[in-house]
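# Coordinate analysis (summary)
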Amino acid sequence: MSPNPTNIHTGKTLRLLYHPASQPCRSTHQFMYEIDVPFEEEVVDISTDITERQEFRDKYNPTGQVPILVDGEFTVWESVAIARYVNEKFDGAGNWFGRGTQERAQINQFLQWYAYTLRLGGGAFHWNIFGCLIYGEKPYSPKFTAEQNKGRTLLYEAMGTLENYWLRDREYVCGDEVSYADLAAFHEFVSHEAGKIIPDRVWQGFPKIAAWFKKLSERPHAKTVSEWQYTNVGKIIRGELTASMFKRKTAVLKGTEVFSGHNHGIPYLNEKAEDYFKRVEKEGAAVA
């Protein structure tokens, strides 16, 4: 499923350590292409134990997570911090993080909102696809129903806010120009589309998100950065990839409880997860 692990070495060239299965890695990777920054790409095989090794954590990131940017002796981790650093260092266009105080605040606001809503909704994809792979189950295994329901609840709630607020009267999530906020959100939906997580009837209930996603998909570097995800998730769904190659002992697994609690949430609606999903499928953004 994964390319070879990265070779850890000391160098002076700007290097991006990443894995294309990761949504934050893909947004950072695409951003580097978007602003045409010269850099070396190093794929870190997160299916191995490389990020669990103390050598890796001491040298790059104590959490053992990617993406990681290495600029000579300076190291930056966390996707948004990497993009901000690169944008400032290479004098990137103002649209990516805002030209003035209010634009910057709007983009920062979205990225903070996204981190505990739409990003956590990635559990819907993880527990239907990669989580099943890791634990030797077939895709969409009912063994992880609680986790799948939690992820889907967070996803649908976030989609409601995205449709009704962020994209209500503008072309992109923070205005009339693409920003890094769009890339961060876009790559969450790349995973969901690759994993066939969002049914067509739900996409139809969120027409603004669907149009926005199509627009982002047509950007020149989007396909290049996303190709691995579509190809390999398709193989998992078809049973062509199994957990036999997965050597990592730990994984970033997104929660176990069904109830979200971030927005209005199922507990406040006093209904079962399945009933909530049916309402979203039927009524779309009006009830998400």
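Quick summary incoming for the structure in this document. Since the model is a prediction, treat every value here as computed from it, not as a measurement. (Residues numbered from 1 in each chain as written. Predicted model: local features only at pLDDT ≥ 70, side-chain atom pairs only at ≥ 80, totals over all residues. Heavy atoms only, no water.)

## Observations concerning unusual backbone geometry
With an omega of 15°, the peptide bond running from Val 66 to Pro 67 counts as cis. Following the sequence through the fold, Pro 67 ends up in the loop between helix H2 (54–59) and strand S3 (68–71). The backbone phi angle of Glu 78 is positive, close to 85°, even though this residue is not glycine. By the element assignment, Glu 78 lies in the loop between strand S4 (74–77) and helix H3 (79–89). (Helix = DSSP H or I, 4+ residues; strand = E, 2+ residues; numbered from the N terminus.)

## Here's the deal with helix H4 (residues 101–115)
Its 15 residues place the ends of H4 21 Å apart at the C-alpha level, agreeing with the 21 Å of an ideal helix rising 1.5 Å per residue. Taken residue by residue, H4 has Ile 107, Phe 110, Leu 111, Trp 113 and Tyr 114 as its buried positions. Along the long axis of H4, the arc covered by the buried residues comes to 165°, so they all point the same way. Pointing more than 90 degrees away from the buried face of H4 are the exposed residues Thr 101, Gln 102 and Gln 112. Where the residues of H4 are buried, they touch helix H1 (23–34), H3, helix H7 (145–166) and helix H8 (180–194). (Expected span 1.5 Å × (residues − 1). Buried < 20%, exposed > 50% of the residue type's maximum accessible area, 1.4 Å probe, protein only. Arc of directions from axis to C-beta. Contact = heavy atoms within 4.5 Å.)

## Brief notes about the packing of H1 against H8
Between two packed helices, the angle of one axis relative to the other and the distance separating the axes together describe the packing. Contact geometry of H1 with H8 gives a least axis separation of 8 Å together with a crossing angle of 130°. Our classification of the angle between H1 and H8 gives oblique. Seen from above, H1 lies across H8 with right-handed handedness. Here Gln 23, Pro 24, Arg 26, Ser 27, Thr 28, Gln 30, Phe 31 and Glu 34 of H1 lie close against H8, whose contacting residues are Tyr 180, Leu 183, Ala 184, Phe 186, His 187, Glu 188, Val 190 and Ser 191. (Axes fitted to C-alpha atoms, helices over the stretch in contact; angles between N-to-C directions. Parallel < 35°, antiparallel > 145°, perpendicular 65-115°, else oblique. Left-handed = near helix turned anticlockwise from the far one by under 90°.)

## Structural notes on the environment of Ile 50
Looking at the element boundaries, Ile 50 is found in the loop between strand S2 (40–43) and H2. For Ile 50, a relative accessible area of 2% gives the class buried. Residues Ile 50 and Gly 64, 14 residues apart in the sequence, show an inter-C-alpha distance of 8.6 Å.

## Some details on the environment of Phe 110
Examined against the element boundaries, Phe 110 turns out to sit in helix H4. C-alpha of Phe 110 to C-alpha of Ala 184: the two residues are 74 residues apart in sequence and 9.8 Å apart in space. Not counting chain neighbours up to four residues away, the residues in contact with Phe 110 comprise Leu 162, Trp 166, Val 173, Cys 174, Ala 181 and Ala 185.

## Some words on the packing of H4 against H8
Here H4 crosses H8 at 20°, and the two axes come no closer than 9 Å. Taken together, the axes of H4 and H8 lie roughly parallel to each other. The crossing of H4 and H8 is left-handed. The residues of H8 that touch H4, namely those facing Ile 107, Phe 110, Leu 111 and Tyr 114, are Tyr 180, Ala 181, Ala 184, Ala 185 and Glu 188. Tallied by class, the residues present in the contact of H4 with H8 amount to eight nonpolar, no polar and one charged. (Nonpolar A, V, L, I, M, F, W, Y, C, P; charged D, E, K, R; others polar.)

## Looking at the pattern of salt bridges
This model, assessed by the stated rule, comprises 11 salt bridges. Close ionic contact of Arg 99 with Glu 177 constitutes a salt bridge, the shortest N to O distance being 2.6 Å. Placement of the pair is Arg 99 in the loop between H3 and H4 and Glu 177 in the loop between H7 and H8, with a sequence separation of 78 residues. For Glu 177, a relative accessible area of 40% corresponds to the partly exposed category. Glu 218 is the salt-bridge partner of Lys 214, the closest N and O atoms lying 2.6 Å from each other. On the basis of relative accessibility, which here comes to 52%, the residue Lys 214 falls in the exposed class. (Salt bridge = Lys/Arg side-chain N within 4 Å of Asp/Glu carboxyl O.)

## A closer look at the sheet that holds strand S1 (residues 15–18)
Read across the sheet, four strands follow the order S2-S1-S3-S4 without closing on themselves; strand pairing throughout is mixed. Bordering the open sheet on either side are S2 and S4, each of which pairs with just one other strand. Each neighbouring strand pair of the sheet contributes to a mean axis angle of 20°, computed without reference to strand direction. In this sheet, S2 lies alongside S1 in parallel orientation, the contact comprising four bridges. Residue pairing across strands places Leu 16 opposite Glu 41, the latter belonging to S2. Along the sheet, H1 makes contact with S1, S2 and S3, crossing S1 at roughly 155°. Here H3 sits on the sheet and contacts S3 and S4; the angle it forms with S4, its principal contact strand, is near 130°. (Pairing = 2+ DSSP bridges.)

Shape is all these values report; function is a separate question.
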